[in-house]
Structure formats: structure tokens, C-alpha cells
Amino acid sequence: MPSGKTHAVVEMALLPALGAAYYVALQPGTVELAVFAGAYLFSSLWLSPDLDLHKNAARRRWGPLGFLWTPYSKVFKHRGLSHSLVLGPLTRLVYLGLVLAAVIAGLSYLWGLALPPAEKAAAFWQNREVLWALGAGLYLPNVLHVLLDRGVSALRPRRAHARGR
Ligand SMILES: [Zn+2]
């Protein structure tokens, strides 16, 4: 199956075309475009489906925080639910959300860290265009990843079990 580098190269190469298509089709504002591009880059580089492997390029990009993905790689078997077109990204977003919630709760407990005002957070989640841009940016690299994995496996079935580095 394709290496982490191959996935990243394909996904980066398609970002300008996808961004242009998004701009032409929906004429988003600068904020939406920036959210889309940022979410796309984050998803492609740090939220790869291959986080279901103990060693992979995305996990290395997390640096010293890579250990946060150890439970994920133990729970999700390689190319199982983590590589589902619809549910795959959700497993990582929910997992990351739980980890972040635990970290924030821990910090606020220890140091009384101030949480952002609820109204500000609510306003962000109510902006439909920004949410769509965020969702599309987070989902598209995963779709490209899974399609590339499946395409390469279909062409070279005997290599399907190669490691995803
Ligand atoms: Zn994969």
C-alpha cells in the first residue's frame, strides 16, 4: 500500500485544485477558505487513517505527543473502521476530542485555566459556512487516502499487507 509520503504528496498536489473548485462552486469568504485549507492540511498531515498503525508518518509528525495515539492504534485494527470513508475520520475526531477534553479538564483543574466564554464557542458552531469548510477540509484528505489505498490494493492485491510508512 502507498507510503505515508505518497499519501501526503497526492493530497498536497490536489489541494490547490480542490480549493479552486470550492472557490468557483460556492464563492466562500477568506475565512472559510482559510478554515478549509487549514483543516485539510491538519487532516492530511496529522490525522491520517494510518494512525491505526503503531508506526506511521502522521504519528511521527505529532513528535513527543505521538504517544497520544497509542490507544487508538491498539483499538482500531489496520485498515478496519479507521479506513471507512464515512466513519474513519469520525473515529479520529471523537478520539482527539476526548483526549483534548481530558487535557483541558486536567489543566483547568490544576491551574484554574480559563475556558473560552460559552457564547464565543456557540457563535463559532453556529456559522454554517465555516462548519462546512471545516468538515470538508477534515474529510477530503481521508477520502483521498482511502481511495488511494483501495486503488493500489486492487491493482496489486499481493502487496496489500505492506506496511503504511
Ligand atoms: Zn491507509
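Placed above this text is the structure.
A. Fine view of the packing of helix α1 (residues 4–26) against helix α7 (residues 128–155). Packing of α1 against α7 leaves a shortest axis separation of 10 Å and a crossing angle of 140°. Between α1 and α7, the angle is such that the two are oblique. Two packed elements cross with a definite hand, and for α1 against α7 that hand is right-handed. Residue-level contacts link T6, H7, V10, E11, L14, L18 and Y22 of α1 to E129, A133, L140, P141, L144, H145, L148 and D149 of α7. A breakdown of the residues in the contact of α1 with α7 according to their chemical character gives nine nonpolar, three polar and three charged.

B. Broad picture of the pattern of salt bridges. If you walk through the whole model with that rule in mind, you get one salt bridge. Between D149 and R79 there is a salt bridge; the shortest N-O distance is 3.8 Å. Taken as a pair, D149 in helix α7 and R79 in the loop between α4 (70–75) and α5 (87–111) lie far apart in primary sequence, 70 residues in all. D149 sits in the buried class, given a relative accessible area of 1%. On the basis of relative accessibility, which here comes to 24%, the residue R79 falls in the partly exposed class.

C. View of the nonpolar core. Ranked by size, the top nonpolar core spans twelve residues in total: A39, L47, L51, A58, W62, W69, Y72, F76, Y95, L96, V99 and L138. Counting residues per element, this core draws most heavily on α5, which supplies three residues. Residues in contact with L51, not counting those within four places in the same chain, are W46, N56, A58, R59, W69, Y72, S73 and R92. V35, F36, Y40 and V130 belong to the second-largest nonpolar core, a separate cluster that totals seven residues.

D. Structural context of the layout of surface pockets. By volume, the largest pocket is sized at about 160 Å³. What lines the largest pocket is L18, Y22, L26, P28, G29, E32, F36, E129, W132, A133, A136 and L140. For the lining of the largest pocket, the leading source of residues is α7, giving five residues. Classifying every residue of the lining of the largest pocket gives nine nonpolar, one polar and two charged.

E. Examining the coordination of the zinc ion more closely. With distances of 2.1 to 2.3 Å, the protein atoms coordinating the zinc ion are D50 (OD), H83 (NE2), H145 (NE2) and D149 (OD). Each of the four donor atoms around the zinc ion contributes to a set of angles spanning 87 to 168°, which defines the coordination as irregular. Taken in chain order, the donor set of the zinc ion reads D-x32-H-x61-H-x3-D. Separated by 33 residues along the polypeptide, D50 in the loop between α2 (30–46) and α3 (57–61) and H83 in the loop between α4 and α5 bring together distant segments of the chain. Just as D50 is buried, H83 falls in that class too.

F. Representation of the side chain of E32. Tracing the backbone shows E32 in helix α2. Here E32 sits buried without a salt bridge, and the closest side chain of opposite charge, R128, lies 12 Å off (N-O distance). Once residues within four sequence positions are removed from consideration, E32 is found in contact with Y22, N127, E129, V130 and A133.

What counts and what doesn't
- Residues numbered from 1 in each chain as written.
- Predicted model: local features only at pLDDT ≥ 70, side-chain atom pairs only at ≥ 80, totals over all residues.
- Heavy atoms only, no water.
- Axes fitted to C-alpha atoms, helices over the stretch in contact; angles between N-to-C directions.
- Helix = DSSP H or I, 4+ residues; strand = E, 2+ residues; numbered from the N terminus.
- Parallel < 35°, antiparallel > 145°, perpendicular 65-115°, else oblique.
- Left-handed = near helix turned anticlockwise from the far one by under 90°.
- Contact = heavy atoms within 4.5 Å.
- Nonpolar A, V, L, I, M, F, W, Y, C, P; charged D, E, K, R; others polar.
- Salt bridge = Lys/Arg side-chain N within 4 Å of Asp/Glu carboxyl O.
- Buried < 20%, exposed > 50% of the residue type's maximum accessible area, 1.4 Å probe, protein only.
- Core = buried A, V, L, I, M, F, W, Y, C linked by side-chain atoms within 4.5 Å.
- 1 Å grid on protein atoms, 1.4 Å probe; cavity = no way out; pocket = protein on both sides within 12 Å on 5 of 7 lines; lining within 4 Å.
- Points joined across faces, edges and corners; volume = space filled by probe spheres on them.
- Donors = N, O, S within 2.8 Å, 3.2 Å for Na, K, Ca; no water.
- Tetrahedral: all angles 85-135°; square planar, octahedral: opposite > 155°, others 65-115°.
- Lys, Arg positive; Asp, Glu negative; His and termini not counted.

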